[in-house]
Amino acid sequence: MRIETDEPEEIQLNMTAMIDIVFQLLIFFIMTFKVVAQEGDFNIKMPLASQSTEQLEFEEPPELIRIMLRSGGQGKINTINVDDDIQAQTFGPSETMFAELTDYIERKLAADGDPESTEDTEVEFDIDFDLKYSYTVKAIDAVSGKVVNGKTKKLIGKVKFKNSANDG
Amino acid sequence: MDGISKYAMKFNKKQQSKVLEGDLTPMIDMTFQLIAFFMLLINFSEVDRAEEISLPVSELAVPPDGRPDYQIILNLEPGGNVIFEGQRIENINVMGPILNQEVSNAERENVAAADIAVVIRSHADSPTGLVQKLISKCQDSELQSFSLRVKEYVNQ
């Protein structure tokens, strides 16, 4: 005689197909994964020549600091010349010339005494054609701010290149 | 008595055969978490960034906040070749028609030329003059907003 039990039958799902797909997905993502270094931007505004003259009629022009980056051959930097219409200075050639440039910008903004001077001051770079781009970025870095004890101190936010790119 | 105990032993030994099943739940949980992790980090915009470009390093560059309405990414090699959308253009001077095409594409999406973000990914060893030349070419196509892309400096 057959004895009936009250226990319900255990329903078992077949997981094999799902696990197969899941593993294939996992392998796909692992194979296509690339560790990429974080990238950042320096924003530069390069208004068109006609537009910039129109704007000058209505807006007060920002205080301009001209920075000339001079190449010393093989694309390496030789000197940094700074002219802010009051005084002209030359930094380098030395290892610390970019730090000196940062100190100069910091001193200048502090001397203005205006907390908004970081917004009202603009830097125009005049760069030798063959100077390596990494030095240009270093110079932009130097005028944009400095890192003190892990905190960023912002200096000048407005950066532009001199429009005439001589073909060197 | 001996005979009874002999049969009892036989009944005790009889066992039901069972299918051995490992508990797969933790493994599946982990696998799904791994898939979610890789899905979130995967970057399909590889066409825009040329791997051969070694960007200069900067401490102060700000990571871009969000994607602009329309952007053009120009990769500049030290020799002056421009890589745009996976295509290598060997002379900056022939960039004009390509940029004009991009500007008209953006206008079709109601983005003005002045609002197009031009991202310049130049190799660290490229002459800066070439970067300026590229910017100048972009300006000829009414482009005004430029970003110089750099690699973030990681303090070891």
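Reading guide: rules and limits
- Residues numbered from 1 in each chain as written.
- Chains lettered and ligands numbered in written order.
- Predicted model: local features only at pLDDT ≥ 70, side-chain atom pairs only at ≥ 80, totals over all residues.
- Heavy atoms only, no water.
- Helix = DSSP H or I, 4+ residues; strand = E, 2+ residues; numbered from the N terminus.
- Expected span 1.5 Å × (residues − 1).
- Buried < 20%, exposed > 50% of the residue type's maximum accessible area, 1.4 Å probe, protein only.
- Arc of directions from axis to C-beta.
- Contact = heavy atoms within 4.5 Å.
- Buried area = accessible area lost by both parts, 1.4 Å probe.
- Salt bridge = Lys/Arg side-chain N within 4 Å of Asp/Glu carboxyl O.
- Polar contact = N/O pair within 3.5 Å; in protein donor to acceptor, adjacent residues only side chain to side chain.
- Nonpolar A, V, L, I, M, F, W, Y, C, P; charged D, E, K, R; others polar.
- Core = buried A, V, L, I, M, F, W, Y, C linked by side-chain atoms within 4.5 Å.
- pLDDT = per-residue confidence, 0-100.
- Axes fitted to C-alpha atoms, helices over the stretch in contact; angles between N-to-C directions.
- Parallel < 35°, antiparallel > 145°, perpendicular 65-115°, else oblique.
- Left-handed = near helix turned anticlockwise from the far one by under 90°.

Draft legend 1. Quick look at helix H2 (residues 25-41) of chain B. Over its 17 residues, H2(B) runs 25 Å from end to end, which matches the ideal 24 Å to within 8%, given 1.5 Å per residue. Those residues of H2(B) not exposed but buried are B:Ile28, B:Thr31, B:Ile35 and B:Phe38. Viewed end-on, H2(B) has its buried residues packed into an arc of 90 degrees, placing them on one side of the element. For H2(B), exposure combined with an orientation more than 90 degrees from the buried face picks out B:Gln33 and B:Leu40. Looking at the buried residues of H2(B), the elements they touch are helix H1 (16-32) of chain A.

Draft legend 2. Just the environment of A:Arg66, in detail. Residue and element names in this part refer to chain A. Tracing the backbone shows Arg66 in strand E2 (residues 63-71). Look at Arg66 and you get partly exposed, because its relative accessible area is 29%. Taking the C-alpha atoms as reference points, Arg66 and Ala88, 22 residues apart in sequence, are found 9.4 Å from one another.

Draft legend 3. Molecular detail of the interface of chain B and chain A. Each side of the interface is counted separately: chain B has 51 residues, and chain A has 48 residues. With both sides pooled, the region where chain B packs onto chain A buries about 4500 Å², and carbon together with sulfur makes up 64% of that total. One can count two salt bridges joining chain B with chain A. Linking A:Asp41 and B:Arg149 is a salt bridge whose minimum nitrogen-to-oxygen distance equals 2.8 Å. Across the contact surface, chain B and chain A share 17 residue pairs in polar contact (both at pLDDT 80 or more). Listing elements by their share of the side of chain B that touches chain A, those giving two or more residues are H2, strand E1 (57-58), strand E5 (117-122), helix H4 (128-140) and strand E6 (145-152) of chain B. At nine residues, H2(B) tops the list of elements feeding residues into the side of chain B that touches chain A. Grouping the constituent residues of the side of chain B that touches chain A by class yields 28 nonpolar, 12 polar and 11 charged.

Draft legend 4. Examining the nonpolar core more closely. In this structure, A:Ile67, A:Ile80, A:Ile105, A:Phe125 and B:Leu74 are the most contacted members of the largest nonpolar core, which totals 59 residues. In this view, A:Ile67 contacts A:Ile80, A:Asn81, A:Val82, A:Leu101, A:Ile105, A:Val123, A:Glu124, A:Phe125, A:Asp126 and A:Val143; residues no more than four positions away in its chain are not counted. Core analysis: the next-biggest nonpolar cluster, separate from the first, contains six residues, A:Val22, A:Phe29, B:Phe38 and B:Ile42 among them.

Draft legend 5. Fine view of the confidence of the model for chain A. Averaged over all residues, the pLDDT of chain A is 81; the fraction at 70 or higher stands at 81%. Between the elements of chain A, mean pLDDT differs from a low of 56, seen in helix H2 (residues 49-58) of chain A, to a high of 92, seen in helix H5 (residues 133-144) of chain A.

Draft legend 6. Broad picture of the pattern of salt bridges. Tallying each qualifying case throughout the model produces 12 salt bridges over all chains. Salt-bridge contacts for A:Glu39 lead to B:Arg121; the nearest nitrogen and oxygen are separated by 2.8 Å. Of this pair, A:Glu39 sits in strand E1 (residues 39-45) while B:Arg121 sits in strand E5, placing the two residues on different chains. Residue class for B:Arg121 comes out buried when judged on its relative accessible area of 3%. One salt bridge connects A:Lys162 with A:Asp126, and the closest N-O pair in it is separated by 3.9 Å. One end of the pair, A:Lys162, is in the segment after strand E8 (158-161); the other, A:Asp126, is in strand E5 (residues 121-127), with 36 residues separating them in the sequence. Via salt bridges that share partners, A:Arg70, A:Asp126, A:Asp128 and A:Lys162 belong to a single interconnected network.

Draft legend 7. Fine view of the side chain of A:Glu39. Since its relative accessible area comes to 10%, A:Glu39 is described here as buried. Here the side chain of A:Glu39 touches B:Arg121 through a polar contact of 2.8 Å, side chain to side chain.

Draft legend 8. Region of the structure containing the packing of helix H3 (residues 97-112) of chain A against H5(A). All names here are of chain A. Closest axis-to-axis distance for the H3/H5 pair is 8 Å, and the angle between their directions is 30 degrees. Taken together, the axes of H3 and H5 lie roughly parallel to each other. Of the two possible hands of crossing, H3 and H5 adopt the one that is right-handed. Taking contact as the criterion, the partners of Phe98, Leu101, Thr102 and Ile105 in H3 are, on H5, Tyr135, Lys138, Ala139, Ala142 and Val143. Split into classes, the residues belonging to the contact of H3 with H5 amount to seven nonpolar, one polar and one charged.

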